[in-house]
Amino acid sequence: MSPIESPTEESRWTQFTLILILVSAALRILALAFNPLELYADETQYWVWSREFDWGYFSKPPMIAWLIAVSTSLFGDTDFAVRLPAPLLNIATLSFLFLAARRLWNARTGFWVALTFTTIPAVWMSNAVMSTDTPMMAAWAAAFYCLVALRTKASWGHAVGLGVAIGLGMLAKYAMIYFVVGTGLSLVLDAPARRALLSLKGVVAAVLGTLILLPNLLWNAAHDFATVSHTAANANWGGNLFHPAELFDFLSGQLGVFGPALFVILIGVLYRTLRQRKSVHPDALLLSLFILPPLLTVSVQAFISRAHANWAVSAYLAGSLLVVFFLLQGPRWRRSVLWGSIAAHSVSMIALMVIASVPSWTVAAGLSNSTKGVRAWQETADRISQAAQADDYTYIVFDNRNVFHQVQRYGNQPEDTVKMWLRFPGATNHAEQGWPLPEQFTGDILIVSQRSWQEPMFQGDFARIEQIGDISIALDGNKTRDFTLWQASGHQRVERTSELLELWASYDVAYMNRPR
């Protein structure tokens, strides 16, 4: 059991935590201000969404676009402003984690939870880019604090907070559903949670969460469930459904997401908690109910198909609480692991950020492949613009949605002159949905392609197509960003039959297996 703190001790540790949170946020905002790296393509896509308010977008719920819209409206349409909500949201995440730990145990534990969480590798990264994980984690932390508070003191304010946080979390990322699953498990296995939630206050929380999410559900219904369908498509449950190598890659990737020592200890504590469920601290069981759903679900997904390392990141909010609670008790080596992990994560991640900001250091460290997506997009857009000025083109057409959105961000082409070539029968991303190449038009178009092997595909869609040049953009080290330029006219889009799509897929396979 954690010792009970005196009011003086609690006040001191609370002050330490407040200083930690504010200093951490200030340093990360300062780092963003001097960050020379351009936006990732996904960040640019979210920025594109932010220019038009809606209750949903092609591949994600709307919260990230709303946050970017507010930030860029207040602070200018800069890359800094696009990313600024990330460290600001981290203030909320750390604050609610501290409050949850203080209510569960004491303020000293809350301080170490906040310090541990803000230094894990995944959080270092989430403060440097604008991703859907960041607002989801803030909402998760707020919801968990409200749930913990409801377990000990049934308050209408906490009930309302729980419902609002769950609803906003779902509007940030559908992975918030893991919190709902954990809450459902706590109804069965945690008596205090069951007493708090099986009440009028629990009903109000559920209704509020549903009402906040409802506009997004209605938007999906009106748009053929585009976001839900995209989320399901990401699962990629087709073909061979047994991929042990993918499961290994996912699990080993968690060492980099949470930290090597902390992840190993987390697995050990989870095992002990489940095996000795009746004798362990009841709070350990509660936390396990919020850790296991994302970890187990994404592990199964990885084994069936594939999974990105960050797909289970929501597990590490409760994971930080559980691991820190364990490491602050018992033998001295546990504290050494905790302090060593915090130090190692901080030093390594600061070093990576500094190295990534200097191209020559990036090359020397062998990290060129990691930075190629955030370098030279302004130069890329300028070179494409120069190529477009060589003739009177009706449209500039792309076959890669990442390049398309980056040109929207960094280029100076009129919005109605950039279009997407559709490879499949319908749109498979927001760029294709919003800016498809029209069926009928007059004049020539310039096709800017990163996939030169697709020439036979283009030939089927145009009466005339001719390769007219190429563009090569130097990146870090010997990396380049290469494009083939085509001039085409007479759009006559052929029917995308299953046979044709299979033929085109064979071109992809042949290119991937080419001698190098």
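This text goes with the structure placed above it.
So, on to the pattern of salt bridges. Pairing between side chains becomes possible if they bear opposite charge and their charged atoms approach one another. Counted according to the given criterion, the structure contains 14 salt bridges. The partner of Arg409 in a salt bridge is Asp77, with the nearest N and O atoms 2.8 Å apart. Note that Arg409 is positioned in helix H22 (residues 401-410) and Asp77 in the loop between helix H3 (63-75) and helix H4 (79-83), a separation of 332 residues in sequence. On the basis of relative accessible area, Arg409 is assigned to the buried category, the value being 13%. Asp79 is the salt-bridge partner of Arg409, the closest N and O atoms lying 2.8 Å from each other. Highlighted residues: Arg409 in helix H22 and Asp79 in helix H4, separated in sequence by 330 residues. Counted as one network, the salt bridges with shared partners bring together Asp77, Asp79 and Arg409.

Here 11 bridges tie strand S4 (residues 462-474) to strand S5 (residues 480-491), and the two strands are oriented antiparallel to one another. By the bridge assignment, Gln467 is partnered in S5 with Trp486. In textbook terms, the turn of a hairpin is the stretch between consecutive antiparallel strands, and for S4 and S5 this stretch comprises 5 residues, one of which, Gly477, has a positive phi near 65°.

Here the focus is the side chain of Thr118. With respect to the helices and strands, Thr118 occurs in helix H6 (residues 107-119). Accessibility expressed as a relative area gives 3% for Thr118, which makes it buried. Of note is the side chain of Thr118, whose polar atom sits 3.5 Å from the side chain of Ser24. Of note is the side chain of Thr118, whose polar atom sits 2.5 Å from the side chain of Arg28.

Before going further, it helps to spend a moment on the pairing of strand S3 (residues 445-449). Counting buried residues along S3, 5 of its 5 residues qualify, which places the element largely inside the surrounding structure. Neither face of S3 is open: one carries Ile445, Ile447 and Ser449, the other Leu446 and Val448, and all of them are buried. Pairing between strand S1 (residues 395-398) and S3: 4 bridges, direction parallel. Its bridge partner being in S3, Phe398 is matched across the sheet by Val448. As defined by bridge partners, S3 adjoins S5 across 5 bridges and the pair is classed as antiparallel. Looking at the pairing, Ser449 lines up with Thr484 of S5.

What counts, and where the lines are drawn
- Residues numbered from 1 in each chain as written.
- Predicted model: local features only at pLDDT ≥ 70, side-chain atom pairs only at ≥ 80, totals over all residues.
- Heavy atoms only, no water.
- Salt bridge = Lys/Arg side-chain N within 4 Å of Asp/Glu carboxyl O.
- Helix = DSSP H or I, 4+ residues; strand = E, 2+ residues; numbered from the N terminus.
- Buried < 20%, exposed > 50% of the residue type's maximum accessible area, 1.4 Å probe, protein only.
- Pairing = 2+ DSSP bridges.
- Polar contact = N/O pair within 3.5 Å; in protein donor to acceptor, adjacent residues only side chain to side chain.

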